[in-house]
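Listed here are the chains, written in short residue letters.
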Amino acid sequence: MSLNVPGLVVMAVFYLLILGTGIWASLRSRKEEKKCTGDGMEITLLAGRNINLLVGMFTLTATWVGGGFILGIAEATYNPTLGAVWALMPVPYVLTFFLGGFFFAKPMRENKYVTMMDPFQKKYGNVLASALIFPALVADVLWVARTLVSLGGTMSVILDLPYVYSIVISAVVAIIYTLLGGLYSVAYTDVIQLILIFISLWICVPFMMTNPHSLDISLTAYNETYQAPWVGTVELNEAGKWFDDFMLLALGGLAYQAFYQRILSASSYSQAQVTCFASAAFCLVLGIPSVLIGAVAASTDWNSTAYGLPTPYERDQAGSILPIALQYLTPTYVSIIGIGAVAAAVMSSMDSALLSSASLFSSNIYKNIIRKQASDNEMQWVIRVSVVVVGLAGTGLTFLDSSVLVFWLVGVDMSYTIMFPQLVCILFFKVSNGYGAIVGYIMGLLLRVLSGEPLIGLPPAVQFPGCRLDKEGKMTQYFPFRTTIMVTSLLSILLISWLMSIVFNKGLLPEKWDVFKVKRTQNSTAKRLDSKRTSCDNKDPSVASQLLSTTSF
């Protein structure tokens, strides 16, 4: 197969379009910075908290609908050991956005936080907050890696462009426009990218479903033909694992900085809510084409195609099934359109991960710990360097593994088992303190490592009920062990926090041993509440009556 020159030309045009949009957005951000009363860092990281509703919906949806989303759904649907019932991504995301809009957005916006780690730093101090930032940063680096893997595999299949070149070119373009304009560039390029994803995928679907090498997917949904039915099944002894994967995707996304970056950039709480609810619907719609492509691939007689036998699954190429199906089951020009969709999805997620990790490092580590007196100009350079470093780290990881699902699940796994319980406790439970956070952190990390992970070849030292060999011969936990670890970590945080608050408040241990100042913190909180009550009592009677009338329903 020779280099696909027309495809390269189309991709070059696409990259120039995205880069041009990023440059335009960066110029816009400089104009907004002159108008805004906030600092330059807030303009770069949160677009001055003034992103309009339509752009907000597009950028939040595009952040979740990345290369891993598109290729991962197709991979799971095609894989004869899984099927569409295991292609979970779109449905859990509905729960992610609804929970985020109803519960998590309000406390984050009311306190005008810049990142999701701000409440940790404010309550627990810099040292513990820095330790908690680590898994969030690792998850972002893995996010960059999985998006690049998805694009590298697609380009190498359709354009016959070497894997290394595909990844490096895409990484450079995403890094450049993220450097130029921060969230403004990311958000406005997301609008272009999401439109391309939607149009490109739906153009490919009719050609894919009418190709002469595949059976009608309605016939293969529940009947075994060339492989097991593409709908798949969830046996009773697999229900625990399915539930665990569902909760992992649904709740793990709530512990990503990229989510809160969009919520905090909205101009109001109501706008942030609408953004979440609309994005939930968009994710469902954008997941359908990948399911259909995976179903067609599972219904294909590969021996009758130029691909031949063994099948992609037997060649261990299930992770690249979407580009393979585009290449061998559609006309060349259609496959080129398809790669445009994948490239757009990759760029839309990668830039979000780059800016997310840069936000955490620059705001919570550099500004709050290393150099508190850093100027706006200095912080801009710190953000730029952070973007480059994370981009290079994520790019380097892509050469270690070629499976999209590996990076996807391992990254979300850390967010779910370690960060999610910490975030829930600090936002919704006043009793939580640093002692509980440390124990919960250690419990979550230790239990997760001991539970093993077949995707990276880590055997389980702790075997939960139902642990056994899967269909591919790998030792797998079929009990909802990640959810168990998450709940264990959450309860550990609350229990230890409560016990330590009693110990210090009752004087069972001297106050000088109270490293996290539990007694002092609780006393200051009580004083603030008393002052609020006093100010309410002293209000003008007419104001009080107005307040009463608005809260009487």
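Refer to the structure above for everything that follows.
Scope of this entry: the structure provided in the associated data block. (Residues numbered from 1 in each chain as written. Predicted model: local features only at pLDDT ≥ 70, side-chain atom pairs only at ≥ 80, totals over all residues. Heavy atoms only, no water.)

1. Examining the side chain of Gln261
In plain terms, the rule: The helix count covers DSSP runs of H or I at least four residues long, the strand count covers runs of E at least two residues long, and both are numbered beginning at the N terminus. Residue exposure (1.4 Å probe, protein chains only): buried if accessible area is under 20% of the type maximum, exposed if over 50%, otherwise partly exposed. Under the rule applied, a polar contact is a pair of N or O atoms within 3.5 Å (in protein, one hydrogen donor and one hydrogen acceptor; residues adjacent in sequence only if both atoms are side-chain atoms). Residues count as neighbours in contact if any of their non-hydrogen atoms are within 4.5 Å of one another.
One can find Gln261 in helix H11 (residues 257-265). We classify Gln261 as buried; its relative accessible area is 0%. There is a polar contact of 2.7 Å between the side chain of Gln261 and the side chain of Ser359. In this structure Gln261 touches Leu45, Leu46, Leu183, Leu355, Ser356 and Ser359, once residues within four positions along its chain are discounted.

2. What to know about the packing of helix H3 (residues 53-64) against H11
Helix-helix packing: each pair is described by the crossing angle between the helix axes and the interaxial distance. Our working definition: In this description, a line fitted to the C-alpha atoms serves as the axis of each element, helices being fitted only across the stretch in contact, and the angle between N-to-C directions of two axes falls anywhere from 0 to 180 degrees. For classification purposes, an angle smaller than 35 degrees is called roughly parallel, one larger than 145 roughly antiparallel, one from 65 to 115 roughly perpendicular, and anything else oblique. Here the term charged refers only to Asp, Glu, Lys and Arg, the term nonpolar to Ala, Val, Leu, Ile, Met, Phe, Trp, Tyr, Cys and Pro, and the term polar to all other amino acids, Gly among them.
Following both chains from N to C, one finds H3 and H11 inclined at 175 degrees, their axes separated by 10 Å at the closest point. Comparing their axes, H11 and H3 come out roughly antiparallel. Along its contact with H3, which presents Thr59, Leu60, Thr63 and Trp64, the element H11 presents Ala258, Phe259 and Arg262. Here the residues of the contact of H3 with H11 sort into four nonpolar, two polar and one charged.

3. A few points about the packing of aromatic side chains
What counts, and what does not: In summary, the pairing rule links any two rings of Phe, Tyr or Trp, Trp by its six-membered ring, whose centres are within 6.5 Å, and it sorts them by plane angle into stacked for under 30 degrees, edge-to-face for over 60 and tilted for everything else.
Counting across every chain of the model gives 23 aromatic pairs. Between Phe98 and Phe102, the ring centres sit 6.2 Å apart and the planes meet at 35 degrees, which makes this aromatic pair tilted. Pair noted here: Phe98 and Phe102 are both in helix H5 (residues 90-110), with a separation of four residues, about one helical turn. Using a relative accessible area of 46% as the deciding quantity, one classes Phe102 as partly exposed.

4. Observations regarding the side chain of Ser363
Checked against the element boundaries, Ser363 lands in helix H14 (residues 332-370). When neighbours within four sequence positions are excluded, Ser363 is seen to be in contact with Met41, Val114, Thr115, Asp118, Ala358 and Asn368.

5. Things to note about the packing of helix H4 (residues 67-78) against helix H12 (residues 269-298)
As a reminder of what qualifies: Rotating anticlockwise by less than a right angle from the far helix to the near helix defines a left-handed crossing, while the corresponding clockwise rotation defines a right-handed one.
It is at 7 Å that the axes of H4 and H12 come closest, and there the two elements cross at 40 degrees. Taken together, the axes of H4 and H12 are oblique relative to one another. Viewed along their axes, H4 and H12 form a crossing whose handedness is right-handed. Mapping the contact onto sequence places Phe69, Ile70, Ile73, Ala74, Thr77 and Tyr78 in H4 and Cys283, Leu286, Gly287, Ser290, Val291, Gly294, Ala295, Ala297 and Ala298 in H12. For the contact of H4 with H12, the class distribution of residues is 11 nonpolar, four polar and no charged.

6. Examining the pattern of salt bridges
As a reminder of what qualifies: A pairing counts as a salt bridge when a side-chain nitrogen of Lys or Arg comes within 4 Å of a carboxyl oxygen of Asp or Glu.
The full count for this structure, using the stated rule, is nine salt bridges. Two residues, Asp190 and Arg262, come together in a salt bridge whose shortest N-O distance is 4.0 Å. Here Arg262 lies in helix H11 and Asp190 lies in helix H8 (residues 163-209), a separation of 72 residues in the sequence. Each member of the pair Asp190 and Arg262 is classed as buried. For Arg482, the salt bridge goes to Asp413, with nearest N and O atoms at 2.8 Å.

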